[in-house]
Amino acid sequence: MTPDFGTSLRQTESGCKFPTPEPAKDDVEIDVCICSFRRPEIVETLAALANQNPQAPGFRVIVADNTADGRAREWSLRAAGELGLDLTYVHAPANNISIARNACLDAARGRWIAFIDDDERPVRNWLAALMREAQRGEWAAILGPVIALYPESEPPWLRRGDFHSIGPVWRNNEIGTGYTGNVLFRRDLVERPGSRFRLDLGTTGGEDDDFFDRLRDSGGRIGFAPDAVCYERVGPGRAGMNWLLRRNFRAGQSHGARLRRRGRIPQGILLAVGKAFFCGAGAALTWPDAVRRNHYFVRAALHGGVAARLAGVPEIKMY
């Protein structure tokens with residue numbers, strides 16, 4: 001059932017595939033981008049954005065709807081009208097997350113672009129914390145943590161192990177790559193040729209890994225704002241071990257694709273297979289402890305995905 005949030009805000013579609021958005025207001029510093037796919041929870045995300053600290057920079061919200069039927073149009077526009085948000089809706093069909101992400105980049109007009117998922121809830125000082133870190137360091141992009149919220153009905157090992165929260169991956173005291181669940185980056189970076197999300201990764205996943213890998217390859221540095229927290233509820237479709245194994249196998253394939261591009265195939269396969277066997281042995285040795293055992297299984301799936309992609313196995317589809 002469609003939530004009722006009062007009268008509708010203006011619509012921005014012009015009939016073309018990617019409508020030209022109205023210019024952002026002069027005081028817009030950040031375009032907050034949300035890619036939506038059949039999640040009414042986007043209304044709660046918009047409510048959290050409307051509740052940002054008054055000291056936060058001026059921002060506009062861009063909702064890119066990745067469904068063929070424009071399911072998020074009424075949810076987002078009505079909610080924005082009720083909440084007083086400056087919001088632009090873009091219809092960006094269909095079923096390919098890179099299409100929606102690129103539509104957000106095309107619609108952005110602010111100096112900075114932020115991405116947040118349509119089922120996440122940012123804390124009140126989210127944007128302010130991201131901007132403080134942006135001003136403190138010379139970063140091309142700034143990540144914030146995504147903290148998972150688990151229903152009480154889920155297995156205890158899942159909550160204790162916290163398998164779904166997301167944070168930066170550090171390599172040699174630097175952040176190796178990024179993610180689009182909670183990030184702020186400079187808009188001028190995506191005005192360069194070849195700076196869009198790859199459409200061929202938009203159904204398999206890994207499009208954000210690839211995007212931030214290219215950003216780093218061009219010299220961009222990634223910072224971290226630990227106070228810029230977003231919370232995400234873990235739904236039943238993602239709570240099981242099968243989903244965790246599949247997600248981490250796919251993440252491993254993304255890393256394997258990077259190694260393939262850099263010509264590190266034979267040594268990469270040997271290392272990944274060795275790590276996968278090590279993790280399998282760790283799971284066997286820690287079998288009575290569900291948290292440690294399942295962490296080993298998840299890591300084994302990750303390294304298995306690296307080896308599989310290096311060996312030429314195509315990426316599995318996550319969307």
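Parameters and conventions
Residues numbered from 1 in each chain as written. Predicted model: local features only at pLDDT ≥ 70, side-chain atom pairs only at ≥ 80, totals over all residues. Heavy atoms only, no water. Pairing = 2+ DSSP bridges. Helix = DSSP H or I, 4+ residues; strand = E, 2+ residues; numbered from the N terminus. Axes fitted to C-alpha atoms, helices over the stretch in contact; angles between N-to-C directions. Contact = heavy atoms within 4.5 Å. Parallel < 35°, antiparallel > 145°, perpendicular 65-115°, else oblique. Left-handed = near helix turned anticlockwise from the far one by under 90°. Nonpolar A, V, L, I, M, F, W, Y, C, P; charged D, E, K, R; others polar. Phe/Tyr/Trp six-rings, centres within 6.5 Å; stacked < 30°, edge-to-face > 60°. Buried < 20%, exposed > 50% of the residue type's maximum accessible area, 1.4 Å probe, protein only.

Draft legend 1. Expanded view of the sheet that holds strand β1 (residues 30-36). Strand order in this open sheet of seven strands is β3-β2-β1-β4-β10-β6-β11, and the pairing throughout is mixed. Strand pairing shows two members of the sheet lacking a second neighbour, β3 (87-91) and β11 (222-224), which therefore form its edges. Taking the axes of each pair of neighbouring strands and ignoring which way they run, one obtains an average angle of 20° across the sheet. Contacts between helix α1 (residues 42-50) and the sheet are confined to β1, β2 (59-65), β3 and β4 (112-116), with β1 contributing the most and set at about 165° to the helix. With respect to the sheet, helix α2 (residues 72-83) is in contact with β1, β2 and β3, its orientation differing from that of β3 by roughly 175°.

Draft legend 2. Spatial organisation of the packing of helix α6 (residues 207-217) against helix α7 (residues 241-261). Between α6 and α7, the least distance of the axes is 9 Å, while the angle of their chain directions is 40°. Put simply, α6 runs oblique to α7. Considering the relative orientation of α6 and α7, their crossing is right-handed. In this structure, α6 uses Asp 209, Asp 210 and Asp 213 to contact α7, whose residues at the interface are Ser 254, Arg 258 and Arg 261. Considered class by class, the residues forming the contact of α6 with α7 number no nonpolar, one polar and five charged.

Draft legend 3. Quick peek at the packing of aromatic side chains. Under the criterion given, the structure shown has eight aromatic pairs. With 6.1 Å between their ring centres and 15° between their planes, Phe 115 and Phe 185 make a pair best called stacked. Of this pair, Phe 115 sits in strand β4 while Phe 185 sits in strand β10 (residues 182-186), and the two are 70 residues apart along the sequence. With respect to burial, Phe 115 and Phe 185 carry one shared label: buried. Ring-pair connections join several aromatic residues into one group, and the members of that group are Phe 115, Phe 185, Phe 197, Phe 211 and Phe 212.

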